[in-house]
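Overview (structure and organization)
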Amino acid sequence: MYSKSKNLSEKIEWDKFINTADTVSIEHILPQSPEDQSWKDAFGLYSPVELSALTNTLGNLLALSQPK
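This text gives an overview of the structure that appears in the document. Quick caveat: nothing in here was measured; it's all calculated off a predicted structure.

Focus on the overall build of the protein
- A tally of helices and strands in the protein yields 2 helices and 2 strands.
- Ordered by position from N to C terminus, the α and β elements of the protein give β-α-α-β.
- The proportion of buried residues among the 68 residues of the protein is 10%.
- Within the protein, residue pairs in contact and separated by at least 24 positions form 65% of the contacts whose partners lie at least 6 positions apart.
- For the protein, the exposed area adds up to about 5900 Å²; of that, 57% sits on carbon and sulfur atoms.

Spelled out as structure tokens, the structure:
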């Protein structure tokens, strides 16, 4: 699987990110439902459709190595 990578190593140990015992291992950076005023100020210029697109992109997700 990693035979085509430069150093033949796995960058992320996916076993740590399997959802077990109702833990969350992937978190949104821009919240799905921003309530804090700073998020509203920073992203208020986007339409609801644009905000949804920004919220649900791969670049807005953060892999956590342990539950939050």
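Focus: the packing of aromatic side chains
- Evaluation of the coordinates by the stated rule reveals 2 aromatic pairs.
- An aromatic cluster of three or more residues is present, and its members are Trp-39, Phe-43 and Tyr-46.

Notes on the environment of Gly-59
- Note on placement: Gly-59 falls in the loop between helix 2 (48–55) and strand 2 (61–63).
- With relative accessibility at 68%, the residue Gly-59 sits in the exposed group.

Concerning the side chain of Thr-55
- Along the chain, Thr-55 turns up in helix 2.
- Not counting the four nearest positions on each side in its chain, Thr-55 is found in contact with His-28, Leu-30, Pro-31, Gln-32 and Asn-60.

Considering the environment of Ser-33
- Looking at where Ser-33 falls in the secondary structure, it is placed in the loop between strand 1 (26–28) and helix 1 (37–43).
- Considering only alpha carbons, one finds Ser-33 and Ser-52, 19 residues apart in sequence, at a separation of 9.8 Å.

Parameters at a glance
Residues numbered from 1 in each chain as written. Predicted model: local features only at pLDDT ≥ 70, side-chain atom pairs only at ≥ 80, totals over all residues. Heavy atoms only, no water. Helix = DSSP H or I, 4+ residues; strand = E, 2+ residues; numbered from the N terminus. Buried < 20%, exposed > 50% of the residue type's maximum accessible area, 1.4 Å probe, protein only. Contact = heavy atoms within 4.5 Å. Areas by Shrake-Rupley, 256 points an atom, 1.4 Å probe, with all protein chains shown as cover. Phe/Tyr/Trp six-rings, centres within 6.5 Å; stacked < 30°, edge-to-face > 60°.

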